[in-house]
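Residues per chain, in single letters:
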Amino acid sequence: MTDLFNYNPRHSSEVHVGNRPLGGDNPLRIQSMTTKATTDTEGCVEQCRAIFDAGADYVRLTTQGTREALNLADIKQRLRSMGYDGPLVADVHFNPDVADVAATIVEKVRINPGNYIDPARQFKQLEYTDEEYAAELARLEERFSRLLAICREHGTALRIGVNHGSLSDRIMCRYGDTPAGIVESCMEFLRVCVKQHFTDVVISIKASNTQVMVRSMRLLCQVMEREGMSFPLHLGVTEAGEGEDGRIKSAVGIGALLADGIGDTLRVSLSEAPEAEIPVAYKLASYVVQRAGHDAIPAQAAPDFCYENPERRPTQAVLNVGGGQVPVVMSFRPDEDAAFGDVLPDYVYCARQLPAAAQRRKDVRYVVDADAWQGEEGTFPAFTKRALPLLAMCKAEAKFLFLTYLDLDEEVKACLRHDHNVVIVAQSNHANRLGEQRALVHELWREALATPVIFFQHYSHSHEALDDLRLQAAADMGALLFDGLTDGIFLLNQTPAQANEITPAQVERTAFGILQAARLRTTHTEYISCPGCGRTLYDLTGTIARIKEATAHLKGLKIGIMGCIVNGPGEMADADYGYVGAARGKVSLYRGKVCVEKNIPTDDAVQKLLELIESDQAQTS
């Protein structure tokens, strides 16, 4: 059982992967993937070196066919002759025979249950009788057992890598596009491994939708525990994108699982140079695991909370906070002249000094310390526990109470039962602030107190460490968002003295980015872009930049940018539009899951995408 309030790494069995075992008592392993064609020996060797030099434990290479699989031997030999002994991983889709060849050469092979023996997902409505379904499982076991025998003979580890975007039609017909289906897709293969006594197995479940990824991984842990399995887990958010959005999205999903002790190896998938992923992964992992050994947090989970399939905690609405409304963003703006960004915060906390009336935005609400509050329109008082008697007497439409878990005593609970105009701003200085903030909300829930909660997270970074702020805030908020506990976010960054400042607008943008990454509030166009690999059929990095530039004026859309068809339509299942590599120099365009134009030359494809979007918008306006 997961301890919601105290950081305890999940126990997993050890898996032998060359000279870098994972799971068990081993440290978190970090990895990335080359983007060169695996037939390009020199290109792959140079990328592998760059990735290993950045600190990776493993490097994965795409392996489309037998020719690519055989060339892994040349790549491996070249690397070994240069003194690089890190394990190599073959990434195989669609062809089990290729996996057989690769397993004789490299230290680990990744297969995708959705296309290992099944054809590419066709999005067909198929029906299987129980007998037909059982026959499919027998066919799977017969073919998969051959690969396990080869892996056992050569000491090769195996990753069973489920992708949300490439579930088989067989799984889809029985379970649908759900976490239960994703987990069953994995368990079918794991049960064969157990039956064959093959233990060098790692599991991954990836999705571009962080809600799906986190819920599926949580459910997998529960199902494996129920069936007596403890295989190690590989974490990643696929098609996370690049830049700040890619980092925030990865940290929200991966961080939520790491915070609960789930995960043995991880990859931060960015649409950037592969080696750029490694320092991001290290920063994220080290930030979370440093809370190990913290002082215990005594708390009990609310009976109505379901970890594997959480629903949003029911709260009463106070203005636009809680009550099922989208989570709000609160900001701290000590400088009246600080510029606002493209998206305004819902609330600005001003401590003791309100900006002059002429400086205040009419579309922003202001919160000021209670003893400085004058009752002006659009402003609201903030209290601490010491000022609780004043809060009880205050007649404001909304009152904000800064509170820690230890402050939540019977006096506070009595006040909250009486006053339904209070919003809690949850604070924590604990080494595991996530656990303590969880504890506060679960105690409210247990006591049937429907007070909405804004989570306050504080940092101290210079502008040069803006990425660190994004990663840490996203990791701290991840589980709270997916648990359904969040009615708002308040990020505070106090820049160290003599350092370049992170502006309030940048902090607010991070908060909005975190909410969007968790699929809780959309404020800008989301780009679901793959990191690229040897299957990528066009200039991915340049294309992402061109699409972003061409669609920068659009708000609230999801646009998928996929290098090839492996995960294209599937991972874009909830995207509005898709841009997918179809052949060398050719692209197909999608509206949702439906291909609307095929084999467009890449020189024309971005303009064609823009024309498709604008045509659709014109018809709906």
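Structure: see above.
Residues numbered from 1 in each chain as written. Predicted model: local features only at pLDDT ≥ 70, side-chain atom pairs only at ≥ 80, totals over all residues. Heavy atoms only, no water.

Quick look at the packing of helix α4 (residues 130-154) against helix α6 (residues 179-195)
How two helices sit against one another is set out by the angle between their axes and by the gap between those axes.
And then number 1: One way to put it is that α4 packs onto α6 with a least axis distance of 10 Å and a crossing angle of 55°. Taken together, α4 and α6 sit at an angle that is classed as oblique. Crossing of α4 against α6: the hand is right-handed. Facing α4, whose interface residues are Y133, L137, L140, E141, F144, S145 and L148, α6 presents E188, F189, V192, C193 and K195.
And then number 2: Residues belonging to the contact of α4 with α6 are distributed by class as follows: eight nonpolar, one polar and three charged. (Axes fitted to C-alpha atoms, helices over the stretch in contact; angles between N-to-C directions. Helix = DSSP H or I, 4+ residues; strand = E, 2+ residues; numbered from the N terminus. Parallel < 35°, antiparallel > 145°, perpendicular 65-115°, else oblique. Left-handed = near helix turned anticlockwise from the far one by under 90°. Contact = heavy atoms within 4.5 Å. Nonpolar A, V, L, I, M, F, W, Y, C, P; charged D, E, K, R; others polar.)

Focus on a negative patch on the surface
And then number 1: Together, D335, E336, D337 and E501 make up a region of like negative charge exposed at the surface.
And then number 2: Within the secondary structure, D337 is located in the loop between β9 (328-332) and β10 (347-349). (Patch = residues over 30% accessible without salt bridge, like charges linked within 9 Å, V, L, I, M, F, W, Y side chains within 5 Å. Areas by Shrake-Rupley, 256 points an atom, 1.4 Å probe, with all protein chains shown as cover. Salt bridge = Lys/Arg side-chain N within 4 Å of Asp/Glu carboxyl O. Lys, Arg positive; Asp, Glu negative; His and termini not counted. Charge placed at Lys NZ, Arg CZ, Asp CG, Glu CD.)

So, the pattern of salt bridges
Side chains that differ in sign of charge can pair as their charged atoms come close.
And then number 1: Throughout the structure, instances matching the rule amount to 50 salt bridges.
And then number 2: In this structure, the salt-bridge partner of R438 is D260, at a minimum N-O distance of 2.7 Å. Placement of R438 in helix α12 (residues 433-446) and of D260 in the loop between α8 (243-259) and β8 (265-266) is noted, with a sequence separation of 178 residues between them.
And then number 3: Between D346 and R521 there is a salt bridge, with its nearest N and O atoms 2.9 Å apart. In this pair, D346 sits in the loop between β9 and β10 while R521 sits in the loop between α14 (504-517) and β17 (526-529), placing the two residues 175 residues apart along the sequence. The same class applies to D346 and to R521, which are both buried.
And then number 4: In the salt-bridge network here, residues are joined through shared partners; they are E244, R247, E272, D467, R470 and R509. (Buried < 20%, exposed > 50% of the residue type's maximum accessible area, 1.4 Å probe, protein only.)

Section: the packing of aromatic side chains
And then number 1: Under the counting rule described, the total for this entry stands at 12 aromatic pairs.
And then number 2: Summarising the aromatic geometry, the rings of F144 and F189 are spaced 4.9 Å apart at their centres and angled 65° between planes, so their arrangement reads as edge-to-face. Highlighted residues: F144 in helix α4 and F189 in helix α6, separated in sequence by 45 residues.
And then number 3: Its relative accessible area of 0% is what places F189 among the buried residues.
And then number 4: Their ring planes at 65° and their centres at 6.1 Å tell us that Y349 and F490 sit as a pair that is edge-to-face. Taken as a pair, Y349 in strand β10 and F490 in strand β16 (residues 488-493) lie far apart in primary sequence, 141 residues in all.
And then number 5: For F490, a relative accessible area of 1% gives the class buried.
And then number 6: Over the face of the ring belonging to Y58 we find K108, whose NZ or CZ atom lies 5.1 Å from the ring centre.
And then number 7: Above the face of the Y133 ring, R170 is positioned so that its terminal group lies 5.6 Å from the ring centre. (Phe/Tyr/Trp six-rings, centres within 6.5 Å; stacked < 30°, edge-to-face > 60°. Lys NZ or Arg CZ within 6 Å of the ring centre and 35° of its normal.)

Let's talk about helix α13 (residues 466-482)
And then number 1: With 17 residues, α13 extends 24 Å from end C-alpha to end C-alpha; this agrees with the ideal 24 Å at 1.5 Å per step.
And then number 2: With 16 of 17 residues buried, α13 lies mostly within the body of the structure.
And then number 3: Positive phi appears at G484, one or two residues downstream of α13, with a value of about 80°. (Expected span 1.5 Å × (residues − 1).)

Things to note about the nonpolar core
And then number 1: Core analysis: the biggest nonpolar cluster contains 139 residues, and V109, F144, L190, L220 and I514 have the highest contact counts within it.
And then number 2: For this core, the element with the highest residue contribution is α13, accounting for 11 residues.
And then number 3: Sequence-distant contacts of V109, defined by excluding residues within four places in its chain, comprise V89, A90, V92, A99, A102, A103, T156, A157, L158 and R159. (Core = buried A, V, L, I, M, F, W, Y, C linked by side-chain atoms within 4.5 Å.)

Notes on α14
An α-helical turn contains 3.6 residues, so a residue and the one three or four places further along point in the same direction.
And then number 1: An ideal rise of 1.5 Å per residue puts 20 Å on 14 residues; α14 measures up with 20 Å between its terminal C-alpha atoms.
And then number 2: Burial within α14 is extensive, with 12 of its 14 residues counted as buried.
And then number 3: In the core, the buried residues of α14 are packed alongside α7 (210-226), α8, β9, α13, β16 and β17.

Overview of the pairing of strand β2 (residues 58-62)
And then number 1: In terms of burial, β2 is a largely internal element, five of the five residues being buried.
And then number 2: Going residue by residue along β2, you find Y58, R60 and T62 tucked away on one face and V59 and L61 tucked away on the opposite face as well.
And then number 3: In this structure, strand β1 (residues 29-33) lies alongside β2, joined through three bridges in parallel fashion. Its bridge partner lying in β2, S32 is registered against V59.
And then number 4: Since β1 and β2 lie parallel, the crossover through helix α1 (residues 41-53) that links them has a hand, and here it is right-handed.
And then number 5: Relative to strand β3 (residues 88-92), β2 is paired through four bridges, and the arrangement is parallel. Looking at the pairing, L61 lines up with A90 of β3.
And then number 6: A crossover connection joins β2 to the parallel β3 through helix α2 (residues 66-81); in handedness this β-α-β unit is right-handed. (Pairing = 2+ DSSP bridges. Right-handed = clockwise from strand over helix to strand, strands pointing away.)

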